[in-house]
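So the chains spell out like this:
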Protein chains: 2
Amino acid sequence: MRKRQGILIISDGLGDRPIKALGGLTPLEYANTPNLDRLAREGCTGNVYPIAPGIPVGTDVGHMEIFGCDSNKYYPGRGPLEALSGGIEIREGDVAFRGNFGTIDEEYTVIDRRAGRIQDGTRELAEALSGMKLKDGTTVLVKELTQHRVAVVLRGKELSAAIVPTDVGTANEGAKLVIPCPEDPACKEAAKTAENLWEFTLNAMEILKNHPVNQERVRNGLLPANVIITRGPGQLSTIPSTARQLGIRALCIAGDITVGGIARLVGFDYYVQDSFTGGFNTDIMGKARKAVDSIKEGYDWVIVHIKGTDLAGHDNQPLEKVRIIEEIDGMAGYIMDHISGEQCYIAFTADHSTPCEARDHTGDGVPTIIWGGDVRRDKTEKAGETFFMEGALQNLKARDIFTIQMDLMGFTKKRGA
Amino acid sequence: MRKRQGILIISDGLGDRPIKALGGLTPLEYANTPNLDRLAREGCTGNVYPIAPGIPVGTDVGHMEIFGCDSNKYYPGRGPLEALSGGIEIREGDVAFRGNFGTIDEEYTVIDRRAGRIQDGTRELAEALSGMKLKDGTTVLVKELTQHRVAVVLRGKELSAAIVPTDVGTANEGAKLVIPCPEDPACKEAAKTAENLWEFTLNAMEILKNHPVNQERVRNGLLPANVIITRGPGQLSTIPSTARQLGIRALCIAGDITVGGIARLVGFDYYVQDSFTGGFNTDIMGKARKAVDSIKEGYDWVIVHIKGTDLAGHDNQPLEKVRIIEEIDGMAGYIMDHISGEQCYIAFTADHSTPCEARDHTGDGVPTIIWGGDVRRDKTEKAGETFFMEGALQNLKARDIFTIQMDLMGFTKKRGA
């Protein structure tokens, strides 16, 4: 089978619902998008479910599915993903948590789950804790993430992620830290892991209390980061390499390190540079140029991720979402100008919907386009959730869209003969 | 439930993509098809996936699904299918291979995997080998298929298909014959089967060497068919009889013996006559008459298969594909003229897409119609992949279409009460 290439543009959280302030249109429908409209007119379209109708997903699960990986089978939990995105090379058997630097009082009451939204000094605090040895020989790895966030990994023998960790949850600030316990008291590995986590938590409190970063914060009237609060325990299952299974060389270009972490997990290369921020102000045209260059270098599949549409959804800023969509449209135009549709398909999708008025992820289908020389065209004339309801891809799932792209590119294997 | 009858027309490899030489239309869209257009206008339509979006399938797997059988569960491998299509009644425990008559030199180097594309005399050669007894009591059945192809079945105790057979593969002509071995050296059944296959191969070489057919070939300057090269080992899993499960009497009319073999596997009768060739020049109107006659005889479901559209796709001959589609349209017209839509549904589908420009099977959906007195009509006006994207059956799967037909015909069973 003849091989071709593909570029996939992912607009995070793109999907939306009719918004009164936009005259009953969605941001994608309201935006001026000549290039996305052309992709829609000349390609096939639909609203596509990340997993199944009405099921909302996180960025991590959404991207696993877009990358052709069955999240139901292989999703390792948020802890391992955060650890991976923080650059910790987690191994089989490790138990990883996501966590926050927080503030507690002497009776372990949680004063603030985010230590006054601490930004500076978390690297020093994490370094002061990372490498800690526990009594049974388990090692603890700690790595700061963005803002108050942190990844914690227990590396030792016979550990289990089936435990209740220390976090009290957002709704329960003012409660005491949870003392970890196994989900099933009969599970020795989980009991041991819970003890390890508590030992680490207490040790960390001792070290953090007197750390210069915290002394400085207290002097400045800020809440000290005197505890690490953990949640989302998980172990890495053996995730199959999509890249190896299909024999594709793929690159993911993204400012968002969670997306980059997922890409690496399924065997794709990951590219980020300082100007690719994963924020509102990312260097969209820089990403477009990198995508085109990577196709010319010979990558089979290049993924470009833009986070801003999701952030605008969470913040209920429809016009900001419109603005970012128009920037993405410019990116699509640049890409179309610099590649040949005969040799390289272009697809456009989202990992989930983040409707502005919902301010959170929902289970709506996400607007999706596949475009290229010999793609069967449907009758859609314009980009938008409403228009795509009559498209050929309507009601398919993210993993179907992955497979369809791979089939167009010539990387699927025939069943039977 | 009142029972009705059904005719299903299968145009092998029909699905295609927009083709520049046809003004951006697919062959089905380009062809003049008044009868298929009428079926589409009065029936319900869609593009239907053989298994799942983007997954290409072979003719065998595609037809298993069209016939209501879960290929993922029951696909037995190509060897048993070839043996069945050749008329060998394979049994539980048999290990079947597909094979070629080939030419090797005295050092077992494969000179030609197809013995100069031998056509004549293969029946005599197969008969000289079939029934061979091996040392451990295993019997070998050999049956010639079309051209240089042959089916080989090992019938004995405790055999396994998990072996590496003798074929060097198309890319490796000039290499030595592979000496069979078990995939897992620890598997005794596989080790024994590998030994049996090698014993058969050596014995067959002795017999073929001096066979009059080969003496004649050598005299005429042709390559002798002095070896049988085997591949695709498989054992028959217990495939459920669709016919028995639903209580239908079904007939498959096809020139292609693989399709006929699959039909028999699921409990359908199979009809072929010399003029039904499975090639470009098959007797399409003869098949149409046979289909109508069989409905009048009382068959519940009659399947008519035409291979030419697939062959034209593999050969990248869009206009030939158009010509065959127009012949199929004539067949559809004949059938509509000779049956009553009140008593007999007509459906039209394909086992997979073979887009001309891809020259191979792809995972695109296949154009599908169901027509008959009380079928719910969608708004489709004309036959074609693009038009069917808005049809009611869009994005369903082949087995769904089977079940919908059986339900219309009154052969499904209610779940619950």
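Provided above is the structure to which this section pertains.
Read on for an overview of the structure. (Residues numbered from 1 in each chain as written. Chains lettered and ligands numbered in written order. Predicted model: local features only at pLDDT ≥ 70, side-chain atom pairs only at ≥ 80, totals over all residues. Heavy atoms only, no water.)

**A look at the sheet that holds strand β2 (residues 44–48) of chain B**
Residue and element names in this part refer to chain B. On the basis of which strands lie adjacent, the open sheet formed by 7 strands has the order β2-β15-β14-β1-β13-β11-β12 and mixed pairing. On the outer flanks of this sheet lie β2 and β12 (269–271), each paired with one strand and no other. On average, adjacent strands in this sheet sit at an angle of 15° to one another, irrespective of strand direction. Where strand β1 (residues 5–11) meets strand β14 (residues 344–349), 6 bridges bridge the pair, whose relative direction is parallel. (Pairing = 2+ DSSP bridges. Helix = DSSP H or I, 4+ residues; strand = E, 2+ residues; numbered from the N terminus. Axes fitted to C-alpha atoms, helices over the stretch in contact; angles between N-to-C directions.)

**Considerations on unusual backbone geometry**
Within the chain, Ala115(A) stands out as a residue other than glycine whose phi angle is a positive 45°. Inspection of the secondary structure puts Ala115(A) in the loop between β4 (110–112) and α6 (122–129). Even without being a glycine, Asn316(B) presents a positive backbone phi close to 50°. Its place among the elements puts Asn316(B) in the loop between α12 (308–314) and α13 (318–338).

**Thoughts on the pairing of strand β2 (residues 44–48) of chain A**
All names here are of chain A. Within β2, 5 of the 5 residues are buried, which leaves the element mostly enclosed by the surrounding structure. Neither face of β2 is left uncovered, since the one carrying Cys44, Gly46 and Val48 and the one carrying Thr45 and Asn47 both have all their residues buried. The pairing of β2 with strand β15 (residues 366–371) spans 5 bridges and is classified as antiparallel. Of the residues in β15, the one forming a bridge with cysteine 44 is isoleucine 370. (Buried < 20%, exposed > 50% of the residue type's maximum accessible area, 1.4 Å probe, protein only.)

**Thoughts on the packing of α6(A) against helix α7 (residues 188–209) of chain A**
Residue and element names in this part refer to chain A. Two elements in contact, α6 and α7, have axes whose closest approach is 10 Å; the angle formed by their N-to-C orientations is 125°. The angle between the axes of α6 and α7 places the two elements in the oblique class. For α6 against α7, the interelement crossing comes out right-handed. On the side of α6, the interface is formed by Leu125, Ala128 and Leu129, while α7 contributes Phe200, Ala204, Ile207 and Leu208. Along the lines of polarity and charge, the residues of the contact of α6 with α7 split into 7 nonpolar, no polar and no charged. (Parallel < 35°, antiparallel > 145°, perpendicular 65-115°, else oblique. Left-handed = near helix turned anticlockwise from the far one by under 90°. Contact = heavy atoms within 4.5 Å. Nonpolar A, V, L, I, M, F, W, Y, C, P; charged D, E, K, R; others polar.)

**Thoughts on the pattern of salt bridges**
Once their charged atoms are close, side chains differing in charge can pair, the charge on each being opposite to the other. All names here are of chain B. In this structure the tally under the stated criterion is 48 salt bridges over all chains. The salt bridge involving arginine 219 is made with glutamate 216; its shortest N-O contact spans 2.9 Å. Highlighted residues: arginine 219 and glutamate 216, both in helix α8 (residues 212–219), separated by 3 residues, approximately one helical turn. A relative accessible area of 62% means that arginine 219 is categorised as exposed. Judged by its relative accessible area of 39%, glutamate 216 is partly exposed. (Salt bridge = Lys/Arg side-chain N within 4 Å of Asp/Glu carboxyl O.)

**A few points about the sheet that holds strand β13 (residues 301–306) of chain A**
All names here are of chain A. Read from one edge to the other, the open sheet built from 7 strands follows the order β2-β15-β14-β1-β13-β11-β12, with strand pairing classed as mixed. Edge positions in the open sheet fall to β2 and β12 (269–271), since each of these has one partner strand only. Averaged over all adjacent pairs, the angle separating strand axes in this sheet is 15°, with direction ignored. The sheet contact formed by strand β14 (residues 344–349) and β15 spans 3 bridges and is antiparallel. Bridge pairing links isoleucine 346 to tryptophan 371 in β15. In this fold helix α3 (residues 59–66) packs onto β1 (5–11), β13 and β14, with an angle of close to 160° to the strand it touches most, β1.

**Thoughts on the relation of the copies chain B and chain A**
Rotating chain B by 122° and moving it 0.5 Å along the rotation axis overlays it on chain A with an RMSD of 0.7 Å. When the rotation and shift are considered jointly, the pair of chain copies conforms to a three-fold rotation axis. The C-alpha atom lying nearest the rotation axis in chain B is that of Glu390(B); the distance is 3.6 Å. (Least-squares fit on C-alpha atoms with pLDDT ≥ 70 in both.)

**Some points on the interface of chain B and chain A**
Across the contact, 37 residues belong to chain B and 26 residues belong to chain A. With both sides pooled, the region where chain B packs onto chain A buries about 2500 Å², and carbon together with sulfur makes up 51% of that total. When the buried area of chain B at its contact with chain A is split by residue, Arg17(B), Pro53(B) and Met389(B) rank highest and sum to 23% of it. Our count for the contact surface shared by chain B and chain A stands at 5 salt bridges. Salt-bridge contacts for Lys414(A) lead to Asp360(B); the nearest nitrogen and oxygen are separated by 3.3 Å. Counting across the interface, chain B meets chain A through 16 residue pairs in polar contact (both at pLDDT 80 or more). Contributing elements (two or more residues each) for the side of chain B that touches chain A: α3 (59–66) and α14 (385–388) of chain B. Along the lines of polarity and charge, the residues of the side of chain B that touches chain A split into 12 nonpolar, 14 polar and 11 charged. (Buried area = accessible area lost by both parts, 1.4 Å probe. Polar contact = N/O pair within 3.5 Å; in protein donor to acceptor, adjacent residues only side chain to side chain.)

**Looking at the packing of aromatic side chains**
Residues and elements named next belong to chain A. Throughout the structure, instances matching the rule amount to 10 aromatic pairs over all chains. Here the aromatic rings of phenylalanine 268 and tryptophan 301 are separated by 5.9 Å at their centres, their planes lie at 85°, and the arrangement is edge-to-face. Highlighted residues: phenylalanine 268 in the loop between α10 (257–265) and β12 and tryptophan 301 in strand β13, separated in sequence by 33 residues. The burial state of phenylalanine 268 is the same as that of tryptophan 301; both residues are buried. Ring geometry for tyrosine 271 and phenylalanine 276: centres 6.0 Å apart, planes at 70°, overall edge-to-face. On the accessibility criterion, tyrosine 271 (24% relative accessible area) is partly exposed. Put simply, the rings of Phe67, Phe268, Trp301 and Phe402 pair up and form one aromatic cluster. (Phe/Tyr/Trp six-rings, centres within 6.5 Å; stacked < 30°, edge-to-face > 60°.)

**Here's the deal with the state of the cysteines**
Residues and elements named next belong to chain B. Under the counting rule described, the total for this entry stands at 0 disulfides over all chains. Left without a disulfide partner, cysteine 69 is nearest to the cysteine sulfur of cysteine 252, which lies 14 Å away. For cysteine 69, a relative accessible area of 2% puts it in the buried group. (Disulfide = S-S within 2.5 Å.)

These values are about where atoms sit, not about what they do.
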